[in-house]
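A look at the structure
As a plain string of letters, each chain reads:
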Amino acid sequence: MGIMTIDLSGQTAVVFGAGKGIGATVAKELARAGAHVYLASRTEANCIKVMKEIISDGYQATAIACDVKDINQIDAVLEKAEAETNRLDIVINNAGIDCVTPFIDCSQEEIMNVIMTNQLGVNNGLQCALRRMKKYNAGKIVSTTSFAGRRDLPHELGFGHYGMAKAAVNYMTQSAAFAGADYNINVNAVGPGIVLTKMWEDILDTAEKEGKNREKAWEEYLRTYIPLARGAQTHEDIAYMIVFLCSRYADHITGQIIYVDGGASVA
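Note on numbering: residues in each chain are counted from 1, in written sequence order. Predicted model: local features are reported for residues with pLDDT of at least 70 only, side-chain atom pairs are reported and counted for 80 or more only, and whole-chain, interface and lining totals are derived from all residues. Hydrogens are left out, water is left out, and the side-chain values use all remaining heavy atoms of the structure.

**Here's the deal with unusual backbone geometry**
Counted only if it meets this: Comment: elements are numbered from the N terminus, with helices defined as DSSP H or I runs of at least four residues and strands as E runs of at least two.
A positive phi is found at Asn 137, a non-glycine position, where the angle reads about 55°. Take Asn 137: it is sitting in the loop between helix H4 (108–133) and strand S5 (139–144). Positive phi, normally seen in glycine, also occurs at Asn 184, with a value near 65°. Here Asn 184 is to be found in the loop between helix H5 (160–181) and strand S6 (185–192).

In structure tokens form, the structure reads like this:
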């Protein structure tokens, strides 16, 4: 047997929420695998920075502004990618915002913002991608969910409404997989565990305000929520799984929620 290599040469990939964090890393890894990557987020300057890094490494990338809450903006990004490359192979729904306000204290404004971005935004990406990929009778769509969408966490961490939106992403992934099956489109989701993103930085900020040592609080969270004692997941850990799901090796995988979380989702 030969060594498995992922080759996405000539393919067109669109990554929503690509300006930083996991999304930026996913975009870089897709580009390294050979895809022409379109990076989209509300803050175009962030995407341009990542785009320049990708191009400087010798790969193909294009940056564009997009607010995923607006389905017309999402479709415009996909239209641009299609028009410029004459194809659309991969769509990654990664855009999202955090919410660490305890459930009973969360304002209507915070709740709606989380739902509109993390839930409706993914719905918009799924619908637009499916509609455009149908004519190719092929395509790979991957959305980012979270272990918080599978299990509840202590009230004080404030994951209630964030987890609610991610649980909706899980359900939508399966619905979209059925919708795409007749057109040979694979739809999956990847659930990170604890990755040092802005959300966890906010949680650590709160711990510090409560007089806790930041580093010790971080280590405690890792020990408490991740059974596999290897520490936090990295952006690369998540990106590698997403790129795998976009490859030919995942041709028979659809409708799945795959957690890269050290066991946090089942603890």
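Anyway, onward from the coordinates.
**Topic: the nonpolar core**
Just so we agree on the cut-off: In this text, buried Ala, Val, Leu, Ile, Met, Phe, Trp, Tyr and Cys residues form a nonpolar core when linked through side-chain atoms within 4.5 Å. Categorising residues by exposure relies on relative accessible area from a 1.4 Å probe, with only protein chains included: less than 20% of the type maximum marks a residue as buried, more than 50% marks it as exposed, and the intermediate range marks it as partly exposed.
Membership of the largest hydrophobic core comes to 33 residues, with the highest contact counts inside it found for Val 15, Val 26, Leu 30, Val 37, Leu 39, Ile 92 and Ile 242. Mapped by element, the contributors of at least two residues to this core are strand S1 (12–16), helix H1 (21–32), strand S2 (36–41), helix H2 (44–56), strand S3 (61–65), strand S4 (90–93) and helix H8 (235–245). Counting residues per element, this core draws most heavily on H1, which supplies six residues. Grouped together as the second largest cluster of nonpolar side chains are 27 residues, Tyr 38, Cys 66, Val 77 and Val 122 included.

**Quick look at the layout of surface pockets**
One way to see where empty space is left: roll a probe the size of a water molecule over the atoms. The condition is simple: Two kinds of site are reported from a 1 Å grid over the protein atoms alone, namely cavities, where a 1.4 Å probe fits but cannot get out, and pockets, open sets with protein on both sides within 12 Å along at least five of seven lines, and residues are called lining when an atom falls within 4 Å of a point. Grid points are joined across faces, edges and corners, and a volume is the space filled by probe spheres set on the points. When residues are grouped by polarity, Ala, Val, Leu, Ile, Met, Phe, Trp, Tyr, Cys and Pro land in nonpolar, Asp, Glu, Lys and Arg in charged, and all others, Gly among them, in polar.
Within this model, the largest pocket holds a volume of roughly 860 Å³. Lining the largest pocket are 37 residues, and of these Lys 20, Asn 94, Ala 95, Gly 96 and Ile 97 sit closest to its centre. Taken together, the elements giving at least two residues each to the lining of the largest pocket come down to H1, S2, H4, H5 and helix H6 (198–209). Residues that form the lining of the largest pocket fall into these classes: 13 nonpolar, 17 polar and seven charged. In this model, the second largest pocket occupies a volume close to 280 Å³. Here the lining of the second largest pocket is built from residues that sort into seven nonpolar, six polar and six charged.

**Here we look at the environment of Met 164**
Mapped onto the secondary structure, Met 164 falls in helix H5. Residues Met 164 and Ala 27 lie 137 residues apart in sequence; the distance between their C-alpha atoms is 26 Å.

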